[in-house]
Each structure stands twice: as structure tokens, then as C-alpha cells.
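Coordinate analysis (summary)
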Amino acid sequence: MDQTPTYLRWVSYLCAIMAAFGVAIMLVGYKDPSFGRVATVVCLAIAAGITFMLSRRLNSREE
């Protein structure tokens, strides 16, 4: 059994958690939204979605 889908699923969860943390920091007011912070959160959210879809696709091919 290949561990790649499991690894990608964990990476997607990690990216989603980091994106949520970045949003929370901006909502609470600890740091003001800047182009770099917003771009980072957007990239993390996109990466979470892509890695999760890729892990599901690879997992369905395995079965």
C-alpha cells in the first residue's frame, strides 16, 4: 500500500489549519491584513484544496 494519499491528506489538513490561523490573526487584529498575508492565506487555502483532491484521486486509483 502506498502512503502518498495519506501524506497528501495530512498536508491538506496542515495547509487548512495554517490558513485558518492566518485568518484568525487578521480577524483578531494582531496583525493588519497586507498583500503578503492575504496572498499567503489564499495560497494555503488553494494548496489545501488541491492536495485534498489529489489524495482522494490517488486513493480511488489504489482501490
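Here goes a summary of the coordinates provided. Since this is a predicted model, take the numbers as computed values, not measurements. (Residues numbered from 1 in each chain as written. Predicted model: local features only at pLDDT ≥ 70, side-chain atom pairs only at ≥ 80, totals over all residues. Heavy atoms only, no water.)

Considering the nonpolar core
Cut-off, in case you're wondering: Only buried residues count toward a nonpolar core, which is a set of Ala, Val, Leu, Ile, Met, Phe, Trp, Tyr and Cys residues joined through side-chain atoms within 4.5 Å. Between buried and exposed lies partly exposed: a residue is buried under 20% and exposed over 50% of the maximum accessible area for its type, with that area taken using a 1.4 Å probe on protein chains only. In DSSP terms, a helix is any run of H or I states spanning at least four residues, a strand is any run of E spanning at least two, and both are numbered starting from the N terminus. Whether two residues touch is decided by their heavy atoms; if any such pair falls within 4.5 Å, the residues are in contact.
Grouped together as the largest cluster of nonpolar side chains are 6 residues: Cys15, Ala19, Met26, Val41, Leu44 and Ala48. Of all elements in the fold, only helix H1 (4-28) and helix H2 (35-62) reach the threshold of two or more residues within this core. The residues contacting Cys15, other than those within four sequence positions of it, are Leu44, Ala47 and Ala48.

Focus: a nonpolar patch on the surface
The line we're drawing: Distance thresholds for patches are 9 Å for like charges and 5 Å for nonpolar side chains (Val, Leu, Ile, Met, Phe, Trp, Tyr), applied to residues having over 30% relative accessible area and no salt bridge. The method behind every accessible area is Shrake-Rupley, applied with a 1.4 Å probe, and residues are considered shielded solely by the protein chains displayed. One side-chain nitrogen of Lys or Arg within 4 Å of one carboxyl oxygen of Asp or Glu is enough to make a salt bridge.
Together, Trp10, Tyr13, Ile17 and Phe52 give the surface a local cluster of nonpolar side chains, amounting to about 460 Å² of exposed area. For the nonpolar patch, the element with the highest residue contribution is H1, accounting for 3 residues. Looking at where Tyr13 falls in the secondary structure, it is placed in helix H1.

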